[in-house]
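# A look at the structure
Below are the chains, spelled out letter by letter.
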Amino acid sequence: MKKVSKIVATAFISSLLMGTSTVWGASFSVDSLKGSNDQILTDVTSLAGIGDFGNENGASASTSFRNPSGVIALSDGSILISDTRNHVIRKLKDGQVTTFAGLNLLKDAKGFPVGGRYDGKTDASFFQEPMGLSLDSKGNLLIADAGNHAIRKIDSEGNVTTIAGNGEVGMKDGTGSTATFNRPSDVVAAADGTLYVADTLNHLIRSISPNGEVKSLNALSGRLIEVTPGQVVQAGDYLDGALQMAKFNEPTGLALDSKGNLYVSDTGNQRIRYIDLKQNTVTTVAGSSTIDDKGTVYSKTALYAPGDYADGPANKALFNSPRGLAVTADGGLVIADSLNHSIRYLDKGQVTTLAGAASLRGGETDGVERSAAFKNPVDVAITSDGNIIVADAYNNKIRKISAYQLPANLPKDANVKVVYGPQWIQFDVQPEIDNGRTMVPVRAITEALGYTVTFNDANRSVQLAKDGVTIELYIDKTGVKRIVQGKDSAVKETDVAPYIKEDHTYVPVRFFAEEIGLDVQWNDAARTAILRTKSTITR
C-alpha cells in the first residue's frame, strides 16, 4: 500500500472505525417479502472479485482475492475483508478495493504471498492468514490472526498491536504473549471490553479481559482419534450443560446477541450453540445429527459429526460445516453454511435458507434465493441497511444478499398486479385471477419482457418468441409447448387455458414465465405476481 502522511492516515482510519456497531440493519424477517412457498425473497449480487485467485486492487469488478474469510460492515458504508491467503486486510468502498492493513513482500515456491507477524502502522505490519473480524466499543478493529495463533488489534490511529498470543501453537492461559492459541478463527467484543475467541483447533472458547488475561471457558475434549496408523490427534467433542464442562468441536464463528450472550458456530458438530454468559450454560439452538444410545454424535474413528442439509424446526435442521455468524436487528441469526454452499437463517425456532443450496454443489451464479450459488461461503456480516455481506471463499468474491423489494410506485390496492424485478408492468386492461392463476393481457407482458407475439388462427394458438425460443399456448385449451430453433418439445400440461375477453388475449403468466426461465412468486398481501431472472454469472 502506498504510504500517506501520518495526519491523513490517522484521520482516515479514525473516521472509518469509530461509531460502528456489531448489530445492524432493519428487521430482515419482518420487513422482507415472502413468496408462494413462504420463502423469503432475496437477490444475490457480486460486489467485488472476478473469481480469480489473485491480489489485484482497483475497481471492484476487476479485483481478485485469495480465499477471503472474514467480512465486517462499517458505518460509513465500507466493508473490511480478511483476504486470508494474501495475508492482508482489504477495504471495499464506493466500488474500489484497496489494501487497508498488512504487507506481503515474499512469495513461496508456488508464487503465493508469504505472511508474517509484525506490529506497527497498518502499512508496515504483517499478518498470517487473518480470518474473523470484529469491532469493540471504542472502534478498534479486532482480528483473529489464525496463522499467527494470535489476536491482533488495529486502533483508530492505525496502529497494529498484538493483544494475545505469541505466534506459537499452544493451549495455555495467561496474559498477553504468555497465552497461546491454535488457529483462532473468530473474535468478538462484549460491551464491557471482554473479548471472546473461537480457538478452533483447541476446541475451546477463550475470553480475553481488558487487561489481556486469557482464560479457557469450557472443558478440553479428551477425545483421541487415530487419523492414520500411529498418528493420534485430539478431536473435538460435544456436550451441553454447565459452561466449564461443555465441549465443542472446532468452533469457528461467534456472534453476540442483544443480551450480550454468545452464539457459537460449532462447525465439527454441525450445530449452532448458545452460551448464556450470565448463567454460564451452553445449549444447542439449531442443528442435529444421529446420536446413539450412549449420547455420542460420532462414529469410532470420526473427527466430526456427519453433515447434511435440511430446513425446518431448529432442533431437526441439518448443517454441513456451519461457520460465520451475524445477528440481525430483530434477533435472527444468519449462518454461513459453508459445505452446503448456502446462507441459512435461524429465527423464532425455525431454520430457512436465504440463498444457495439448490443443488448442494458449489457455483458462482448471482440471482434469486435458491437459484444463486456460492462456493464455500465462510463468513457473513449485516450492513446498516439490512443487507447481508458474504465472504465467498472458494469463489474469491464478496457477495451481497438483499431482501427483494417491490417497486416503489406499485399501487397499494386490491387489483392484481405483475412486476418484473424492479419494474411494475402496467396493462391497458387489468390482469385477473382464473382458477387460482394470474392471467395477463399477452401483448403487454411480451413487450415488457422483450418478446414478440403472433397468432395462428388455424390451430388457435399464440406464439411468444425471442432469441430462437418460442413458447406456444392454445386459446381455450390447456397445455404449453416450448420450441427451440424450430424443434418442438412435447406439450406440457397446464391447469388453465388462455382465453379471449373483450378483444384481449389473456395468458397464464406463470406457465409462460417459467418456460422462459424466470422465477415466479405470488405475494398475496400485495396481490402481485413477481417475475425475476433466476440466475446470471457476473465476471
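Below: a short report on this structure. (Residues numbered from 1 in each chain as written. Predicted model: local features only at pLDDT ≥ 70, side-chain atom pairs only at ≥ 80, totals over all residues. Heavy atoms only, no water.)

## Structural notes on the sheet that holds strand S4 (residues 79-83)
The criterion, for reference: By this definition, two strands are paired if DSSP reports at least two bridges between them. Think of it this way: any DSSP run of H or I at least four residues long counts as a helix, any run of E at least two long counts as a strand, and we number them from the N terminus.
Taken in spatial order, the 5 strands of this open sheet run S2-S6-S5-S4-S3, and their pairing is antiparallel. Of all the strands in the sheet, the pair left with one neighbour each is strand S2 (58-59) and strand S3 (68-73). Across 5 bridges, S3 lies against S4 in antiparallel orientation. Considered in S4, the bridge of Gly 70 is made with Ser 82.

## A short note on the packing of aromatic side chains
Put simply, the rule is: Two rings from Phe, Tyr or Trp (for Trp, the six-membered ring) form a pair when their centres are within 6.5 Å of each other. A pair whose planes differ by under 30 degrees is stacked, one over 60 is edge-to-face, and the rest are tilted. When accessible area is computed with a 1.4 Å probe and restricted to protein chains, residues below 20% of their type maximum are described as buried, those above 50% as exposed, and intermediate ones as partly exposed. Charge over a ring is defined by NZ of Lys or CZ of Arg lying within 6 Å of the ring centre and within 35 degrees of the ring normal.
According to the stated counting rule, one finds 4 aromatic pairs in the structure shown. Taken together, a centroid distance of 5.3 Å and an interplanar angle of 85 degrees make the contact between Phe 53 and Phe 112 edge-to-face. Here Phe 53 is found in the loop between strand S1 (42-48) and S2, whereas its partner Phe 112 is found in the loop between strand S7 (106-107) and strand S8 (113-114), with 59 residues between them in sequence. The partly exposed category is assigned to Phe 53, whose relative accessible area is 33%. Across from the ring centre of Phe 181, 4.8 Å away, lies the NZ or CZ of Arg 206, which sits over that ring.

## Overview of the environment of Lys 492
Basically, it comes down to this: By definition, residues are in contact when any of their heavy atoms lie within 4.5 Å.
Position of Lys 492 relative to the elements: it lies in the loop between strand S43 (487-488) and strand S44 (499-501). For the pair Lys 492 and Val 327, spaced 165 residues apart in sequence, the C-alpha separation works out to 44 Å. If we skip the residues at most four places from it in the chain, Lys 492 touches Gly 479, Val 480 and Glu 515.

## Things to note about a nonpolar patch on the surface
Note the cut-off: For patch detection, residues must exceed 30% relative accessible area and be free of salt bridges, and they are connected within 9 Å for like charges or within 5 Å for nonpolar side chains (Val, Leu, Ile, Met, Phe, Trp, Tyr). Residue-level accessible areas treat just the shown protein chains as cover; the underlying method is Shrake-Rupley with a 1.4 Å probe. Throughout this description, the term salt bridge denotes a Lys or Arg side-chain nitrogen within 4 Å of a carboxyl oxygen of Asp or Glu.
Taken together, Leu 105, Leu 106 and Val 114 make up a surface patch of nonpolar side chains, about 300 Å² in accessible area. As for its position among the elements, Val 114 is in strand S8.

## Remarks on the environment of Gly 116
Checked against the element boundaries, Gly 116 lands in the loop between S8 and strand S9 (120-121). In this structure the C-alpha to C-alpha distance between Gly 116 and Pro 407, which are 291 residues apart in sequence, comes to 50 Å. Dropping the residues within four chain positions of it, Gly 116 is found in contact with Phe 126, Phe 127, Gln 128 and Asn 148.

## Examining empty space enclosed by the protein
Just so we agree on the cut-off: Points on a 1 Å grid, built from protein atoms alone, make a cavity when a 1.4 Å probe fits but cannot get out and make a pocket when they are open with protein on both sides within 12 Å along at least 5 of 7 lines; residues with an atom within 4 Å of a point are the lining residues. Grid points are joined across faces, edges and corners, and a volume is the space filled by probe spheres set on the points. The residue classification treats Ala, Val, Leu, Ile, Met, Phe, Trp, Tyr, Cys and Pro as nonpolar and Asp, Glu, Lys and Arg as charged. All others, Gly included, are polar.
For the structure on display, the rule yields 2 cavities of 30 Å³ or more. Volume-wise, the second largest cavity comes out at about 70 Å³. Counting residues per element, the ones that place at least two in the lining of the second largest cavity are strand S10 (130-135), strand S15 (184-189), strand S27 (322-327) and strand S32 (377-382). Looking at the lining of the second largest cavity residue by residue, the classes come out as 2 nonpolar, 5 polar and 3 charged.

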